[in-house]
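# Commentary on secondary and tertiary structure
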Amino acid sequence: MTLHFAAAALALIVERLFGYPKPLYDKIGHPVEWIGTILAKLEALLYDPEAEPLQSRLRGLAALLALLLIAAIPAVVVA
C-alpha cells in the first residue's frame, strides 16, 4: 500500500515539475479530461431537474457507482 502511495505521489510531483507529455496528451488526452467527459455523459443520461428528491439521490448514487466501476476496472487490471 505504501508503495502505491509513493508511486502516486512521485507521479504527481513529476507531472507538476515537467508537465504532462505533449505527445501523449495529443494522442490520448489527460485522465482528468476523461473523467470530465464521463461525468458529462452521466449527467446527460441521469440528471432530471424535475425528479423527486429520492429519485434524484438514486440517480446520483447510480452515477457515483458507474464512475467508481469505470475507474476501478482498469486499476484492478493494472494491479
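Our subject in this report is the structure included herewith. (Residues numbered from 1 in each chain as written. Predicted model: local features only at pLDDT ≥ 70, side-chain atom pairs only at ≥ 80, totals over all residues. Heavy atoms only, no water.)

### Here's the deal with a nonpolar patch on the surface
Just so we agree on the cut-off: Patch building starts from residues that exceed 30% relative accessible area and form no salt bridge, then joins like charges within 9 Å and nonpolar side chains (Val, Leu, Ile, Met, Phe, Trp, Tyr) within 5 Å. Per-residue and other accessible areas follow the Shrake-Rupley method at a 1.4 Å probe size, with only the shown protein chains counted as cover for residues. One side-chain nitrogen of Lys or Arg within 4 Å of one carboxyl oxygen of Asp or Glu is enough to make a salt bridge. Only DSSP runs of H or I with at least four residues qualify as helices, and only runs of E with at least two residues qualify as strands; both kinds are numbered from the N terminus onward. Only protein chains enter the accessibility calculation, which uses a 1.4 Å probe; a residue whose area is less than 20% of its type maximum is buried, one above 50% is exposed, and one in between is partly exposed.
Taken together, the side chains of Leu54, Leu58, Leu61, Leu64, Leu65 and Leu68 make up a nonpolar region of the molecular surface, amounting to roughly 590 Å² of accessible area. Here Leu64 lies in helix H4 (residues 53–78). Taking the relative accessible area as the measure of exposure, Leu64 reaches 45% and is therefore partly exposed.

### So, the layout of surface pockets
Worth spelling out the cut-off: A 1.4 Å probe that fits into a set of points on a 1 Å grid over the protein atoms alone but cannot get out defines a cavity; an open set with protein on both sides within 12 Å along at least five of seven lines defines a pocket, and lining residues are those with an atom within 4 Å of a point. Grid points are joined across faces, edges and corners, and a volume is the space filled by probe spheres set on the points. Gly is put with the polar residues, along with every residue not named as nonpolar or charged; the nonpolar set is Ala, Val, Leu, Ile, Met, Phe, Trp, Tyr, Cys and Pro, and the charged set is Asp, Glu, Lys and Arg.
Quantified by volume, the largest pocket comes out at close to 230 Å³. Lining the largest pocket are Ala11, Leu12, Val14, Glu15, Gly19, Tyr20, His30, Pro31 and Val32. Looking at the lining of the largest pocket, the elements with two or more residues in it are helix H1 (2–18) and helix H3 (31–46). Considering every element that reaches the lining of the largest pocket, the biggest residue donor is H1, with four residues. Of the residues that constitute the lining of the largest pocket, the class distribution is six nonpolar, two polar and one charged.

### Examining the environment of Thr37
You can see Thr37 is positioned in helix H3. The exposure class of Thr37 is partly exposed, given its relative accessible area of 42%. Taking C-alpha positions, Thr37 is 22 Å from Ala8, a pair spaced 29 residues apart along the chain.

### A look at the pattern of salt bridges
Going through the model one piece at a time under the given rule, you end up with one salt bridge. A salt bridge links Asp26 to Lys22; the nearest nitrogen and oxygen atoms lie 3.1 Å apart. In this pair, Asp26 and Lys22 both sit in helix H2 (residues 22–28), four residues apart, roughly one turn of the helix. The class of Asp26 is exposed, set by a relative accessible area of 52%. For Lys22, a relative accessible area of 55% translates into the label exposed.

### Overview of the side chain of His30
For clarity, the cut-off: For the purposes of these results, a polar contact is taken to be a pair of N or O atoms within 3.5 Å, where, inside protein, one atom must be able to donate a hydrogen and its partner to accept one; residues adjacent in sequence count only when each atom of the pair is a side-chain atom. Here a residue-residue contact requires only that any non-hydrogen atoms of the pair lie within 4.5 Å.
Locating His30 in the fold gives a position in the loop between H2 and H3. Residue His30 is classed as buried on the basis of its relative accessible area of 16%. Within polar-contact distance, the side chain of His30 engages the side chain of Glu15 at 2.7 Å. When residues no more than four places from it in sequence are discounted, the contact partners of His30 are Glu15, Tyr20 and Tyr25.

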